[in-house]
Structure formats: C-alpha cells, structure tokens
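Notes for the structure review
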Amino acid sequence: MGQTLKLLIIEDSQDDFLLVERHLRQQGLNVSCSRVDSAEALERALDDDDWNLVLSDFTVPGLDFKDSFSMIRSRLPDLPVILVSGSVGEEQAVELLKLGVHDFVLKDKLTRLVSAVQRSLKDKRELEERRRSEELLRESEERYRTILQTAMDGFWLMDTQGNLLEVNETYCRMSGYNAQELLAMRINELVAEITSDDISARIKNLMELVEGRYESRHRRKDGNIYDVEVSSQYRPVEGGRLVIFLRDITERKQAEKELHKKNAEIEQFIYTVSHDLRSPLVTVKTFMGYLEKDMVENNQEQLAQDIKYIHGAADKMKLLLDELLELSRIGRIETPQVSVSLMEVLVEVLNDLAGIITEHQTDIQLPDTDLMLFGDRSRLCQIWQNLIENAIKYSRENSIPRIELGVCPVGGETVFFVKDNGIGIDPHYQSRIFGIFEKLDPKSPGAGMGLSMVRRIVEKYGGRIWVESEGIGKGSSFLFTLPQALVPDVKQ
Ligand code: ADP
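Thresholds applied
- Residues numbered from 1 in each chain as written.
- Predicted model: local features only at pLDDT ≥ 70, side-chain atom pairs only at ≥ 80, totals over all residues.
- Heavy atoms only, no water.
- Salt bridge = Lys/Arg side-chain N within 4 Å of Asp/Glu carboxyl O.
- Helix = DSSP H or I, 4+ residues; strand = E, 2+ residues; numbered from the N terminus.
- Buried < 20%, exposed > 50% of the residue type's maximum accessible area, 1.4 Å probe, protein only.
- Pairing = 2+ DSSP bridges.
- Axes fitted to C-alpha atoms, helices over the stretch in contact; angles between N-to-C directions.
- Contact = heavy atoms within 4.5 Å.
- Core = buried A, V, L, I, M, F, W, Y, C linked by side-chain atoms within 4.5 Å.
- Phe/Tyr/Trp six-rings, centres within 6.5 Å; stacked < 30°, edge-to-face > 60°.
- Lys NZ or Arg CZ within 6 Å of the ring centre and 35° of its normal.

1. As for the pattern of salt bridges
Summed over all chains, the structure comprises 33 salt bridges. One salt bridge connects Glu11 with Lys107, and the closest N-O pair in it is separated by 3.1 Å. Here Glu11 is found in the loop between strand 1 (5-10) and helix 1 (14-26), whereas its partner Lys107 is found in the loop between strand 7 (103-106) and helix 5 (113-150), with 96 residues between them in sequence. Ionic pairing is found between Arg377 and Glu348, a salt bridge with its closest N-O pair at 2.9 Å. On the criterion of sequence distance, the pair formed by Arg377 in helix 13 (residues 377-393) and Glu348 in helix 11 (residues 342-352) is long-range, its members being 29 residues apart. Arg377 gets classed as partly exposed once you look at its relative accessible area, which sits at 30%. Using a relative accessible area of 28% as the deciding quantity, one classes Glu348 as partly exposed. In this structure, a network of salt bridges that share partners links the residues Glu215, Glu229, Arg252, Lys253 and Glu256.

2. Let's talk about the sheet that holds strand 7
Strands sit in the order 2-1-3-6-7 across an open sheet of five strands; the sheet is parallel. Of all strands in the sheet, those bounded by a partner on one side alone are strand 2 (31-36) and strand 7. The sheet shows a mean angle of 25° between the axes of neighbouring strands, direction not considered. Bridging between strand 1 and strand 3 (residues 53-56) involves four bridges; their strand directions are parallel. Across the sheet, Leu7 pairs through a bridge with Leu53, a residue of strand 3. Packed on one face of the sheet, helix 1 meets strand 1, strand 2 and strand 3 and runs near 165° to strand 2. Taken strand by strand, helix 3 (residues 65-75) contacts strand 1, strand 3 and strand 6 (81-85), and its axis lies near 160° from that of strand 6.

3. Considerations on the nonpolar core
Core analysis: the largest hydrophobic core is formed by 47 residues, its most contacted members being Trp384, Leu387, Ile388, Phe480 and Leu482. Sort the elements by how many residues they give to this core and helix 13 lands first, with eight residues. Counting residues in hydrophobic clusters, the runner-up holds 24 residues, among them Met174, Leu182, Tyr234 and Leu242.

4. Here we look at the packing of aromatic side chains
The description of an aromatic ring pair rests on the distance of the ring centres and on the angle between the ring planes. For the structure shown, the criterion picks out ten aromatic pairs. Where Phe155 meets Phe245, the ring centres are 5.3 Å apart and the plane angle is 50°; that geometry is what we call tilted. Residue Phe155 is located in strand 8 (residues 154-159), and its partner Phe245 is located in strand 12 (residues 241-248); the two are separated by 90 residues in the primary sequence. A relative accessible area of 3% means that Phe155 is categorised as buried. In this structure Phe245 comes out as partly exposed when scored by relative accessible area, which is 28%. Seen from their ring centres, Phe287 and Tyr309 are 4.4 Å apart, and the 20° between their planes marks the pair as stacked. Of this pair, Phe287 sits in helix 9 (residues 250-296) while Tyr309 sits in helix 10 (residues 300-329); the two residues are 22 residues apart in sequence, bridging distant segments of the chain. Grouped by ring-pair contacts, the aromatic residues Phe58, Phe65 and Phe69 constitute a single cluster. The ring of Trp51 carries the charged tip of Lys6 above its face, separated from the ring centre by 4.2 Å.

These figures capture arrangement, not role.
See the structure below:
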C-alpha cells in the first residue's frame, strides 16, 4: 500500500462520509479521511496544508458549496476539489467545472470515485511539478540576468541580421548609449570597421566559427574609437542567436604600446651604453700594448704619455659609469616628498652654481613667483641645475651669458623654462639631445647624460621636456612641465 492520502470531506451526513471512506478503502486506496460540516470547521481544517484532496457534498446545511470552494481556493489554491453529490444538473456541472472544480461524482455511482481521485491527484502532481520547473526557470533567468548586468564585460544578444536584442549595463557604459538606443541599432553603427554591406558576411563568418575570440574596434556615441576584445558564440535557437561578450582593452593596448616604446628605449640604451663604454676601453687596451712596447724599449717619455692616455680613458669610463648609476637611481631611490617654493629651489641651485656663474659673469633673471612645489627637493634642484649649467656651458664665445628662469601658464598647463642666449641648437637635433650620451659636439666636456637625467626626473612627475631654438647662434629655451609636483589650489 502506498502513502496514506489525507482527504478532507465536506459532508453533513456521517453515514455518507463512512460510505465514501469505506468505498475508497475497499478499492485499495490508503486514505485517512476527516469530515467537516461547517464553515468554521473548514476554516480550521485549512490551517493544515498537507491535504491531498477535498471531496465535497453540494448541499451541506449552513455551508454553501461555492463559499466553501472559494475559501479553499484562497487558502490552498492547488488543492483539487471533487464534488460528490446526490445529483448535479448538466448546466450546473459545466458551471462548476468552469469554476475550477476538478471533477464530480454522483453518490449513487461511487464506482467512478476512485478513478476521479486518482486523476485529480495525478493532475495535482503535474501542476506542482510545472510550478516547480517554472520557479526554477525564473530563478535561473534571474541569475542569468544578474550575471549579465553585473559582468565586467559588455554583452550583446544579436540575431543573424545584426540587430541587437539585448545589451547589458556595462556595454551601455562602454558605448555611451542607453539600452533603448542600442536596441534600435544594428552592429555596423557600433563596430568601427564594418559597413552595413559587410554585416551579413561578418555574421556568416561568426556563425561558421561557432565560437570565436578576436579583437575589434568600436565607436562610442561621442564618435571616439576604442579597442575591444570580442568573444562570440553562435546558438542555433530561435532562428539563430549570437551571444557576444565585449571587453574594453583600450588601456591594455595603450600599455602594450608603452611597453613597446620602453623596450625600444632600453634596446637603444643598452646599445649606446655598450658603444660609449667601448671607446675608452679600446683606448686603454691600445695604450696597454704601447706601454708594453715602450717598457721593453725603456722609452720613458712615451711611457708617461701612454699612462696619461690610460688615465684619461679610465676617468672617462668612471664618469660614464657614475652618471649611469645616477640615472638608474632616479625613480628607484625614494626620498621623502616635501613642500618647497620654486624660489627656494632656484636660490639653492644658484648658490651651488655661484662659482661658474661668477666665472662667466652670467646675468640671471629670476621669476617673480610664489609657486609652491611638492616633491623630492634634490631632484627638483637637479633639473634646474643641469639646465642652468648647460645654459652657461653652451654660451657663445666672447658674450655674456644671459639666462632667464621662469614659469608661465600655457594652455592650461604650468610651464617652466630656462632661456639662454647661447650657441643654440639646430632644429634637427632638438629631440636627440635628450637621449643618453648624446652630445652635439663630441669634444665638449661632460658625458651627454645631463638632459637624459632631467627628462627622467620630469617624466617621474608626469611631465615632459622639450627645447625651442631657432638654430645655431640663436639661443635656446628649455621648457618643461611637472604636473605631479604642483601643489593644487595655489594661486600661480
Ligand atoms: P652634456 O652637457 O654632458 O654634453 P647634456 O645631456 O646636458 O649633456 O646635453 C646634451 C647636448 O645637448 C650637449 O652636449 C649640447 O650639445 C646640447 N645642449 C644642451 N644644453 C644646451 C644649451 N643650453 N644650448 C645649446 N646646446 C645645448
């Protein structure tokens, strides 16, 4: 015998109740029946929600069938109700079925009761299963929607004509359009490199691929183009759907470009370092050979000359290595950042350079500024020191070096400058001089590292440096920005 069925029987006659119960048991059903015959008793009985079925008489004194039926529906909507009655007219039967009564059985034809009960129970089970799967489906749709809306990647659901059927928040943010605008668009309006004529070929390609991952370029609402990584999947449902995820990779692309640039710079750096270190080394080696020969020949005069050359080459190598070491320290060795006024920096630098300034009778013009800077004080000084030293070093022969130091706003930026009346720089070489070991005159003193160092420091503060000169003999202006060293909200 199966599980006990709990039946609620609305019946005023105890005899009829027993009759029905006995009948069901005789027919092999394992039932536990409870009888109610008043609205209050029914109300109480419905507090239990584990009834399997209700059998109800049509006429119970003081309890109208329709009332008890609507009470059952409102409390336990899925509980099947079978009407077991003395007589039911055809019209009434139709009306009751419409109302939602599961079945009806005449009391004098109880043989139908078992099959009616079994069918109702089967219907109830099926209804419950349908409800459960609908609930599961709803939950899974909700989950899917939450995932899509919170995904870091943009999302499209697209038909095979290139119409967007669904998009997520992330894509709206990426593209600058709202969902409503996007759903009225076709992909050629969003993908930068395809025209309306290309759509079908592109979609055919995606369908053949089934699953694909590739890079593309999209157009934002404001017209800007940005890089995206696309992963697409074709699903042969509802006439064909393409599920597409889009990731904004503009930053990654930018970083790749920077990395490329840095790698090229490093390559150039290594090449220059090895090249420039080689020449004093070759000098040392050559003069060591002479030294051996001159020692054998005991040529004292030449010996002294050889040693002088070797010393000179060793000094050059030391200078190069010291400067290289200094260059590598910039940005690597952290010194505490301090607030310092531009004037303080300039005064400190001019004091340090007092010797060379006086020696060249240099005329220096200072700005009238209370601009404050925030950064590594000695690095900030190093910028000005190198530029002022160069302005003196590369002054024209027989003329007094005149140097103007200043700061001025240009196009929303604060630009610092060191302007001289020196030898000037040929426009062709103006970007080269910031490279490591770059000197326009190989015979000039110095390792050609000063400006590379200045550029490193400037870039560390998010700035850039450039030179303006009309050419040889026309003086030069070195200009630079230091956005990350500027103290905000200070009047300039
Ligand atoms: P260094 O002065 O040690 O040679 P820098 O890197 O400071 O190295 O300068 C690189 C080159 O740029 C110099 O050798 C010189 O040819 C040129 N240069 C720098 N500053 C000036 C200037 N104010 N006027 C003219 N040429 C300059």
